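Results of the structural survey
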Amino acid sequence: MNEKILQMLYENDWISGESISRALGVTRAAVAKRIGILREQGYVIDALPKRGYHLSSAPSGLSGFEIVRQLKYDKRWRIETFDEIDSTNAYLRRRGDELPEYSVAIARRQTAGRGRLEREWYSPASGGLWMSLLLRPSLLPDRAQLLTLTSAVSVAEAIRGLGLDCYIKWPNDILSPAHKKLVGIRCEMRADMEAVYWLVVGIGVNVNNQDFPPELQNVAACLRQLNGGKALDISAVAAAVLDRISENYDLLCADSFSLIRDKWINMALAINEEASITGLQGKETGIVRGLDDEGYLLLEQNGRLNRVLAGDMVIAD
Ligand code: BTN
């Protein structure tokens with residue numbers, strides 16, 4: 001009922017308690033109680049005799065309703081929010097077989113957030129966006145990497161769309177202009193040799209969480225710091241990310257990875273520069289030349305272009 005009342009408040013400048021109670025088939029007292037709950041959630045709602053209620057501002061924290069309301073591309077996402085969870089990726093992984101595509105889990109705090117290669121991901125309750133999406137692309141498992149790159153492009157576009165500068169560092173980190181990490185992406189999937197059953201894209205965005213533990217202070221940054229210290233609306237950031245993912249996922253599903261690749265190259269660091277990649281095969285150093293059609297990094301070594309699928313990149317000074 002809260003969401004229906006909010007919807008009416010958004011659609012009307014002023015709306016009487018009586019109109020709301022009639023539309024919802026509840027008493028005026030029930031409406032007043034719900035308005036009280038919305039105020040507790042941070043909505044500022046004015047009330048005047050004869051005029052009724054007027055929404056003057058919404059909370060800037062996490063809210064599934066506010067995210068869906070701010071989606072512009074389409075409303076395909078089904079959002080579940082949690083105050084606290086072990087990991088939004090782990091949650092969707094547990095429920096991957098039963099939940100529909102486009103399910104989204106977002107938590108205010110994760111107690112066991114995980115990054116790439118099972119590294120710990122610092123996920124405090126102080127204003128980060130810890131979000132995972134469930135997708136069922138019809139991709140062969142060896143092309144799943146394309147979705148990771150697509151996600152990085154989408155998040156970088158969303159951040160730039162908010163007027164903040166950022167760059168992609170292969171394969172899917174988003175860095176600030178000072179090369180500090182703003183966003184990490186961890187993709188997990190259930191697949192066999194012939195099909196991907198589901199993919200979970202886990203996105204951790206440092207939005208307003210500007211107090212990092214000592215070991216992260218030199219390597220991590222948040223969007224708020226790029227925004228001159230002004231806090232951002234987390235729901236607006238989430239909506240921007242989801243919109244860009246919808247758009248780019250549609251391109252990927254329409255076999256247009258080449259368009260995504262061009263965007264990736266335009267926003268990536270180290271193109272035509274020297275970098276070292278440490279992966280399963282050890283350390284490879286070369287000049288980064290871009291991505292191929294299958295999402296492999298092209299590294300020029302001794303005049304030859306070699307393909308690299310995974311690893312950690314260090315850009316030469
Ligand atoms: C990395 O750079 O190592 C990837 C970090 C991914 C973190 C996000 S936060 C939401 C989702 N839940 C997790 O446990 N991990 C991802």
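Residues numbered from 1 in each chain as written. Predicted model: local features only at pLDDT ≥ 70, side-chain atom pairs only at ≥ 80, totals over all residues. Heavy atoms only, no water.

1. Some points on the site of the ligand
- The full set close to the ligand counts 20 residues, and Ser87, Gln110, Arg114, Arg116 and Lys181 are the nearest of them.
- Gln110 places a side-chain nitrogen or oxygen 2.9 Å from a nitrogen atom of the ligand.
- Here Arg114 contributes a backbone N or O atom positioned 2.7 Å from a nitrogen atom of the ligand.
- Across the complex, the protein chains shield 98% of the 410 Å² of accessible surface that the ligand would expose by itself.
- Looking at the shell around the ligand residue by residue, the classes come out as 5 nonpolar, 10 polar and 5 charged. (Near = heavy atom within 4 Å. Polar contact = N/O pair within 3.5 Å; in protein donor to acceptor, adjacent residues only side chain to side chain. Areas by Shrake-Rupley, 256 points an atom, 1.4 Å probe, with all protein chains shown as cover. Nonpolar A, V, L, I, M, F, W, Y, C, P; charged D, E, K, R; others polar.)

2. Here we look at the pattern of salt bridges
- Within the structure shown, the criterion is met by 21 salt bridges.
- When salt bridges that share partners are traced, they join Arg93, Glu118, Arg186 and Glu188 into one network. (Salt bridge = Lys/Arg side-chain N within 4 Å of Asp/Glu carboxyl O.)

3. A closer look at the side chain of Glu188
- One can find Glu188 in strand S8 (residues 181-191).
- Side-chain polar atoms of Glu188 contact the side chain of Arg186, separated by 3.0 Å.
- If near-sequence neighbours (up to four positions away) are discounted, Glu188 is found in contact with Asn89, Arg93, Trp198, Leu199 and Val200. (Helix = DSSP H or I, 4+ residues; strand = E, 2+ residues; numbered from the N terminus. Contact = heavy atoms within 4.5 Å.)

4. Here's the deal with the packing of aromatic side chains
- By the definition in use, this model includes 5 aromatic pairs.
- With centroids separated by 6.1 Å and ring planes inclined at 25 degrees, the aromatic side chains of Tyr10 and Phe65 adopt a geometry described as stacked. Placement of Tyr10 in helix H1 (residues 2-11) and of Phe65 in helix H4 (residues 64-70) is noted, with a sequence separation of 55 residues between them.
- Relative accessible area serves as the criterion here: at 29%, Tyr10 is assigned to the partly exposed category.
- Every member of this aromatic cluster is reached through a ring pair, and the members are Trp77, Tyr102 and Tyr249.
- Over the ring of Tyr167 we find Arg160; its NZ or CZ atom is 5.3 Å from the centre of that ring.
- Positioned over the ring face of Tyr296 is Arg307, at 3.9 Å from the centre of the ring. (Phe/Tyr/Trp six-rings, centres within 6.5 Å; stacked < 30°, edge-to-face > 60°. Buried < 20%, exposed > 50% of the residue type's maximum accessible area, 1.4 Å probe, protein only. Lys NZ or Arg CZ within 6 Å of the ring centre and 35° of its normal.)

5. Concerning the packing of helix H8 (residues 234-253) against helix H9 (residues 257-267)
- Between H8 and H9, whose axes approach to 7 Å, the crossing angle comes to 130 degrees. Overall, the two elements H8 and H9 adopt an arrangement that is oblique. Packed against H8, whose contacting residues are Asn248, Leu251 and Leu252, the element H9 presents Phe257, Leu259, Ile260 and Lys263 at the interface.
- Classifying every residue of the contact of H8 with H9 by side-chain character gives 5 nonpolar, 1 polar and 1 charged. (Axes fitted to C-alpha atoms, helices over the stretch in contact; angles between N-to-C directions. Parallel < 35°, antiparallel > 145°, perpendicular 65-115°, else oblique.)

6. Looking at the sheet that holds strand S6 (residues 167-169)
- Strand order in the open sheet formed by 7 strands is S3-S4-S5-S9-S8-S7-S6, and the pairing between neighbours is mixed. Each of the sheet's edge strands pairs with one partner strand only, and the pair in question is strand S3 (78-85) and S6. Here the average twist between neighbouring strands, direction ignored, is 20 degrees.
- Here S3 pairs with strand S4 (residues 103-110) via 7 bridges, running parallel. Bridge pairing links Glu80 to Ala105 in S4.
- Strands S3, S4, strand S5 (129-135) and strand S9 (196-205) of the sheet are contacted by H8, whose axis makes an angle of about 25 degrees with S5. (Pairing = 2+ DSSP bridges.)

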